[in-house]
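Now for the letters of each chain:
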Amino acid sequence: MISENLRTDRKTFTTHLECGLKGDRYSADQIHGLSKAGKPLLVKYDLKELASTVTRHELAQRPADIWRYREFLPVRKTENIVSLGEIHTPIIPLPNLQEGTGTLYVKDESRLPTGSFKARGLCLAVSMAKELGLNKVAMPTNGNAGAALAAYGVRAGIQCYVFCPEDTPEINVREIAAQGAIVRRVNGLIHDCGRIVREGIQEMGWFDFSTLKEPYRIEGKKTMGLELADQCQWKLPDVIFYPTGGGTGLIGMWKAFQELKSIGWIEGALPRMVAVQAEGCAPIVKAYQQGERFAETWENAHTIAAGIRVPAAIGDFLMLDAIKESSGYALTVSDTAILGARDIAAAKEGFLMCPEGAATFAAYQKSLAEGLIASSESVVLFNCASGLKYDLPPMNEMIDRHQPIHYSNMF
Ligand SMILES: *Cc1c(COP(=O)(O)O)cnc(C)c1O
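These figures come from a predicted structure and were not determined experimentally.

Moving on, we get to the overall build of the chain. Along its length, the chain carries 13 helices and 13 strands. Against the 2.2 N^0.38 benchmark of 22 Å for 411 residues, the chain shows a C-alpha radius of gyration of 21 Å, consistent with a compact globule. Counting only C-alpha atoms and orienting by the principal axes, one finds that the chain spans roughly 75 × 50 × 50 Å. Per-residue burial for the chain yields a buried fraction of 58% across its 411 residues. Counting contacts in the chain only where the partners sit at least 6 residues apart, residues at least 24 apart contribute 71% of the total. Per element, the accessible surface of the chain, about 17200 Å² overall, is 50% carbon and sulfur. Across the chain, the centroid of the 44 positively charged side chains sits 4 Å from that of the 47 negatively charged ones.

Below is the structure:
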């Protein structure tokens, strides 16, 4: 059955949009890409009015999906919401992987439509595209964003063009094609695909749906922070480990925490935000270490964790600001550590992470070893996509049923 949240019209509170860097204002309810300064736009709400309209208790009575937080989201009319069932994702304890007296949990985002947390962002972005009357959009992707765009886009009747690096996981490319988008592989990386999107705007008349080049994907990813706070009874964990590519989730969650804090809904301190990147593609970590606010493009980017292989991110300063404001940090993990972490989590907890999710577990281990976090702290990792979308170690042991079976020699 359709969620009650999608049958109800609600009061909305968007006042305007603001350049994430300069703070200049843009009107709501109009199509926008980047700000005049070429930076991401952030959606602003009348939070005071919001807080006098709804309470935490009232939200708790609504069905557990992202539309529970409707007042914190930009869609004006319920009829414009394009939904595939964006349920709350569980927060699962990992007692066999945890060290010390603290707690280790993973928020399992693989339960969302299309098997990744990209569904949160694209659900909002596509709903807003529908509300604002866009009918043709294009996007560069490492796989999961394209899959989510295709799914929501086809549902909304929006034509989607998707460009991905040639070594994007096969399942993602097929998923995108199956879900009605036009998809092409490109012999380059995601920023090369981004250039193809940009240069096609004039001729194709499509809208650029690249990460943070439209204002609403962040609002969708913001629900991760709203939901986490809600699920933790408005008392957040000490540390959050986030696998960082374009950074939408890190920025979105931090935005959620700021909004909740400003209306007094969060009790206690905000979490330290930790950006996790792969050794072979770590522009944000490098900028963090050098104390820069903007990151340089990373040359020859490579890692098995496709979702975080983003050599240049337009929201770099928003990520670096969030890391700094939260007293967090940024660190790298190797591909070997990522695969090792995935195998340990699967073998010890029965929890099959995607490589990007495993990167956060590897970063947790490294952080403990280097004393960056204390073993008494509460930690939440993000498993951002289904482990089943990726290659797994081979298993080729076979039994010949026509031969005698010597059980005890066999296992
Ligand atoms: C997109 C993606 C990421 C990175 O998310 P951002 O919010 O863009 O930084 C991490 N893991 C997976 C599986 C992804 O698809």
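Here the narrative resumes, following the displayed structure.
Time to look at the nonpolar core. Grouped together as the largest cluster of nonpolar side chains are 94 residues, with contacts concentrated most on Trp67, Phe72, Leu122, Leu149, Phe209 and Phe257. In this structure phenylalanine 257 touches Gly225, Leu228, Leu236, Ile240, Ile266, Leu270, Pro271 and Met273, once residues within four positions along its chain are discounted. Judged by nonpolar contacts, the second largest core, of 29 residues, contains Leu97, Val106, Val276 and Ala359.

We now examine the packing of aromatic side chains. Taken as a whole, this structure holds 11 aromatic pairs when the rule is applied. Both rings, one in phenylalanine 207 and one in phenylalanine 209, keep their centres 6.2 Å apart while their planes meet at 75°; by these two values the pair is edge-to-face. A ring pair is formed by phenylalanine 361 and tyrosine 364, whose centres lie 6.3 Å apart and whose planes are at 25°; its orientation type is stacked. Linking phenylalanine 361 with tyrosine 364, this pair stays in helix α12 (residues 355-369), spanning three residues, or about one helical turn. Tyrosine 364 matches phenylalanine 361 in its accessibility class, with the two residues each being buried.

Once that is clear, we can look at the sheet that holds strand β7 (residues 159-165). In space, the four strands of this open sheet follow the order β8-β7-β6-β9, with parallel pairing throughout. Taken across any chain shown, the strands that pair with only one partner, and hence form the sheet edges, are β8 (182-186) and β9 (207-208). Bridge count for strand β6 (residues 136-140) against β9 is two bridges, and the pairing is parallel. Its bridge partner lying in β9, valine 137 is registered against phenylalanine 207.

Of the strand pairs in this sheet, strand β4 (residues 91-93) and strand β5 (residues 103-108) are connected by three bridges, and their pairing is antiparallel. Pairing of proline 93 across the sheet is with tyrosine 105, part of β5. In terms of strand pairing, β5 meets strand β13 (residues 378-383) through six bridges, oriented parallel. Note on β13: the bridge partner recorded for aspartate 108 is asparagine 383.

As a further point, take the packing of helix α3 (residues 118-132) against helix α4 (residues 144-156). Two elements in contact, α3 and α4, have axes separated by 9 Å at closest approach and are oriented at 35°. Our pair here, α3 against α4, has a crossing hand that is right-handed. On α4, the residues touching Lys118, Ala119, Leu122, Cys123, Val126 and Lys130 of α3 are Asn144, Ala145, Ala148, Leu149, Tyr152, Gly153 and Ala156. Here the contact of α3 with α4 is composed, by residue class, of nine nonpolar, two polar and two charged.

Here we come to helix α7 (residues 217-231). In this model α7 runs 22 Å from its N-terminal to its C-terminal C-alpha over 15 residues, within 8% of the 21 Å that 1.5 Å per residue would give. The element α7 is largely enclosed, with a buried count of 14 among its 15 residues. Positive phi appears at glutamine 233, one or two residues downstream of α7, with a value of about 55°.

This brings us to the site of the ligand. Taken together, the neighbourhood of the ligand is formed by 18 residues, with Lys118, Lys221, Tyr242, Gly245 and Gly247 sitting nearest. Between the ligand and the protein, one listed contact pairs an oxygen atom with a side-chain N or O atom of asparagine 144 at 2.9 Å. Contact distances for the ligand include 3.2 Å between an oxygen atom and a backbone N or O atom of threonine 248. Taken by itself the ligand offers 380 Å² of open surface, and the protein chains cover 96% of this. Elements represented by at least two residues in the shell around the ligand include exactly β10 (239-243) and α8 (248-262). Classifying every residue of the shell around the ligand gives seven nonpolar, eight polar and three charged.

Successive residues of a regular strand alternate their side chains across the two faces of the sheet. The pairing of strand β1 (residues 14-19) with strand β3 (residues 41-45) spans five bridges and is antiparallel. Opposite leucine 17, over in β3, you have valine 43 as the bridge partner. Bridge analysis of β1 against strand β2 (residues 25-27) gives three bridges, and the strand direction is antiparallel. Considered in β2, the bridge of histidine 16 is made with serine 27.

Rules used in this analysis
- Residues numbered from 1 in each chain as written.
- Predicted model: local features only at pLDDT ≥ 70, side-chain atom pairs only at ≥ 80, totals over all residues.
- Heavy atoms only, no water.
- Helix = DSSP H or I, 4+ residues; strand = E, 2+ residues; numbered from the N terminus.
- Rg over C-alpha atoms; globule rule 2.2 N^0.38 Å.
- Buried < 20%, exposed > 50% of the residue type's maximum accessible area, 1.4 Å probe, protein only.
- Contact = heavy atoms within 4.5 Å.
- Areas by Shrake-Rupley, 256 points an atom, 1.4 Å probe, with all protein chains shown as cover.
- Lys, Arg positive; Asp, Glu negative; His and termini not counted.
- Charge placed at Lys NZ, Arg CZ, Asp CG, Glu CD.
- Core = buried A, V, L, I, M, F, W, Y, C linked by side-chain atoms within 4.5 Å.
- Phe/Tyr/Trp six-rings, centres within 6.5 Å; stacked < 30°, edge-to-face > 60°.
- Pairing = 2+ DSSP bridges.
- Axes fitted to C-alpha atoms, helices over the stretch in contact; angles between N-to-C directions.
- Left-handed = near helix turned anticlockwise from the far one by under 90°.
- Nonpolar A, V, L, I, M, F, W, Y, C, P; charged D, E, K, R; others polar.
- Expected span 1.5 Å × (residues − 1).
- Near = heavy atom within 4 Å.
- Polar contact = N/O pair within 3.5 Å; in protein donor to acceptor, adjacent residues only side chain to side chain.

Shape is all these values report; function is a separate question.
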